[in-house]
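# Report on the structure
Listed below are the residues making up each chain.
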Amino acid sequence: MSSDQNGLTPRLRLVSAGNQTRAEVRPGQRALDWAILMAHAQEGDRVAYQRLLQEITPYLRSLASRRCNDRSDIEDAVQDVLLTIHSIRHTYDPTRPFAPWLVTIANRRLIDRIRRQVRQRGREVALAPEHEIAAEPETGAEAAPGRRELERAIGSLPPAQQQAVRLLKLKELSLKEASVATGMSTTSLKVNMHRALKSLQKLLIPRNEP
Amino acid sequence: MINTDDLIDSLATDMRPVKRLRPPLLRACCWLLGAGAVVALLAVNQGIRPDLAQRLHDTPFVASLVGSILTGILAVIAAFLVSLPDRSRLWILLPMPALVLWLSNIGYQCLTDWVSIGPDGMSPGEAARCFTTLAATSLPLSLALLVMLRYAARLRPIIVALTGSLAVSAITSTALALFHTIDASAMILMWNVGTAVLLVGTAGLFGRRMFRWVAPRVFAQD
């Protein structure tokens, strides 16, 4: 029985024309290069792995753009596919073509993503103007005590957790940016953020519960 | 949202060498050896049904036994094949001929040799023993298959769970036919088809969740 993805192999298009010489490579040759890079990556070659992921990303982006409209949604989908490839890279058999393996993973994740979004949309209600009470000035004034309470709760946290909350949530920095700003590792920032949220939950939620 | 280039850098930095999966046929054979060992252990523990030699001369019984064994073998091969991204989904059709042979013979036995269940036909003791065999065979085999196929969590969890559970139910039904004197047709129907429906139905309903449960943490993000 032949693979149902074989028909997709010729559709591999070159979309990452970063330089002229690469764009001139035939799609078949490119897929073979990717297979070789993946075989090296499975053996622990980080440079080959990084090159492979960088080279397949524009292709994944083009696949995602056929199913998603929003630019940030496309990037999210590409990252989801990259994470999946990373998690199951041991399932690739270098004696078989790389393109069907890649295309199936990408399509599965993209379809799953669309299904999830449709399910979520089914549970959401569109915001009507009457819902937007937070914009009214008097409500903003009422929100002030809540904000003071939140500030007080954040102030009661250990310094590392306070820093994580302020940078990641209030200033909305990325993990990497926060890591550069504080000198803390991203793992440590994540742990501190997680603990801070737990503590804030304990401090703030019980009072609001009926 | 993290930048895609940063994600690639961090994936490449954290990357470790991986052990490639062995060929799907080889892994299916390993699971079948395990299944054989479970059935052999149960045979030692529970004993083969006393009238087995006599029943082996009965063509519909032999045909349904061969059908269930073949369904088990082909379904597990199909499960290992469809779990891989670069193999066709059409492999799920592989166990179908054997499944037709197995189910049609059960149906044939029911039609031609209908034995109504009298007051003695449904002894609670035998039913409990049947249930013990069902649990003792299907649970370890399902768990082993779930762990061996955990990487399918993000790809085709439902069809992998369905074909896998078909394999488990076929092997379980084989064990039931070998160890228990279930002569009333309704009992045969109930235990064979009931086991298959129970396991395949559970896989259809909870397959995705079960795979997420055993899959590595990165799978549990969505």
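Parameters at a glance
- Residues numbered from 1 in each chain as written.
- Chains lettered and ligands numbered in written order.
- Predicted model: local features only at pLDDT ≥ 70, side-chain atom pairs only at ≥ 80, totals over all residues.
- Helix = DSSP H or I, 4+ residues; strand = E, 2+ residues; numbered from the N terminus.
- Buried ≥ 20, exposed ≤ 12 C-beta atoms within 10 Å, placed from the backbone.
- Contact = placed C-beta atoms within 7 Å.
- Expected span 1.5 Å × (residues − 1).
- Axes fitted to C-alpha atoms, helices over the stretch in contact; angles between N-to-C directions.
- Parallel < 35°, antiparallel > 145°, perpendicular 65-115°, else oblique.
- Left-handed = near helix turned anticlockwise from the far one by under 90°.
- Nonpolar A, V, L, I, M, F, W, Y, C, P; charged D, E, K, R; others polar.
- pLDDT = per-residue confidence, 0-100.
- Bend = angle between axes of the 7 residues up to and from the residue.
- Core = buried A, V, L, I, M, F, W, Y, C linked by C-beta atoms within 7 Å.

### Section: the overall build of chain B
- Helix and strand counts for chain B stand at 8 helices and 0 strands.
- Listed by position from the N terminus, the elements making up chain B come as α-α-α-α-α-α-α-α.
- With 222 residues in all, chain B has 41% of them scored as buried.
- Residue pairs at least 24 apart in sequence account for 85% of intrachain contacts in chain B once pairs closer than 6 positions are excluded.

### Brief notes about the overall build of chain A
- A tally of helices and strands in chain A yields 9 helices and 0 strands.
- Its helices and strands taken in sequence order, chain A reads α-α-α-α-α-α-α-α-α from the N to the C terminus.
- Counting every position in chain A, which comprises 210 residues, the buried fraction comes to 26%.

### Observations concerning helix α5 (residues 98-123) of chain A
- In a regular helix each residue adds 1.5 Å, so 26 residues correspond to 38 Å; α5(A) covers 38 Å between its end C-alpha atoms and thus fits that length.
- Buried within α5(A) are the following residues: F98(A), A99(A), P100(A), W101(A), L102(A), V103(A), T104(A), I105(A), A106(A), R109(A) and L110(A).

### Remarks on the environment of G47(B)
- Tracing the backbone through its elements, the reader meets G47(B) in the loop between α2 (24-46) and α3 (52-55).
- Sequence separation between G47(B) and F179(B) is 132 residues, and the spatial gap between their C-alpha atoms is 6.4 Å.

### Re the packing of helix α7 (residues 159-170) of chain A against helix α8 (residues 175-182) of chain A
Residue and element names in this part refer to chain A.
- Between α7 and α8, the least distance of the axes is 10 Å, while the angle of their chain directions is 135°. Accordingly, the angle class assigned to the pair α7 and α8 is oblique. The chirality of how α7 crosses α8 is right-handed. Residues Q163, L167 and L168 of α7 form the contact with α8, whose participating residues are A178, A181 and T182.
- Residue classes in the contact of α7 with α8 are distributed as 4 nonpolar, 2 polar and no charged.

### Details of the interface of chain A and chain B
- Facing the 41 residues of chain A at the interface are 31 residues of chain B.
- Counting residues per element, the ones that place at least two in the side of chain A that touches chain B are α2 (27-42), α3 (46-67), α4 (71-87), α5 and α8 of chain A.
- If one sorts the elements of the side of chain A that touches chain B by residue count, α4(A) sits on top with 10 residues.
- For the side of chain A that touches chain B, the per-class residue count stands at 12 nonpolar, 17 polar and 12 charged.

### Comments concerning the confidence of the model for chain A
All names here are of chain A.
- Looking at chain A as a whole, its pLDDT mean stands at 77, while 76% of the residues score no less than 70.
- Averaged pLDDT values over the elements of chain A bottom out at 44 in helix α1 (residues 20-23) and peak at 91 in α3.
- Contacts from residues 1-23, a stretch scored under 50 in pLDDT, to residues over four places away or in other chains number 40 contacts.

### Comments concerning α3(A)
All names here are of chain A.
- In this model, α3 (22 residues) spans 31 Å end to end at C-alpha, consistent with the 32 Å of a helix rising 1.5 Å per residue.
- Roughly 30° is the biggest bend found in α3, and it falls at T57, with proline P58 one to four residues downstream.
- Looking at α3, one finds that the buried residues are Y49, L52, L53, I56, T57, Y59, L60, L63 and A64.

### As for the nonpolar core
- Counting 81 residues, the largest nonpolar core has V76(B), I77(B), A78(B) and A79(B) as its most contacted members.
- Among the elements that take part in this core, helix α7 (residues 157-179) of chain B stands out by supplying 13 residues, more than any other.
- Contacts of A78(B), omitting those with residues within four sequence positions, involve W91(B), I92(B), L94(B), P95(B) and T163(B).
- Counting residues in each nonpolar core, the second largest holds 8 residues, with A164(A), V165(A), L175(A) and A178(A) among its members.

### Some words on the packing of helix α4 (residues 59-82) of chain B against α7(B)
Residues and elements named next belong to chain B.
- As a packed pair, α4 and α7 sit with axes 8 Å apart at the nearest point and diverge in direction by 155°. The angle between the axes of α4 and α7 places the two elements in the roughly antiparallel class. In the crossing of α4 with α7, the sense of the turn from one axis to the other is left-handed. In this structure, α4 uses L65, S68, I69, T71, G72, A75, V76, A78, A79 and V82 to contact α7, whose residues at the interface are I159, V160, T163, G164, L166, A167, A170, I171, S173, T174 and A177.

### Some thoughts on the confidence of the model for chain B
Residues and elements named next belong to chain B.
- With 79% of its residues at a pLDDT of at least 70, chain B reaches an overall mean of 80.
- Highest mean pLDDT in chain B belongs to α2 (92); lowest belongs to helix α8 (residues 185-214) (68).
- This stretch, residues 217-222, has a pLDDT under 50; its non-local contacts, to residues over four places away or in other chains, come to 9 contacts.
- Complex prediction metrics read pTM 0.68 and ipTM 0.75.

### A look at the environment of L7(B)
- Relative to the helices and strands, L7(B) is located in helix α1 (residues 4-14).
- What makes L7(B) partly exposed here is the crowd of 19 C-beta atoms within 10 Å.
- Other than its neighbours up to four places away in sequence, L7(B) contacts Q79(A), L82(A) and I2(B).

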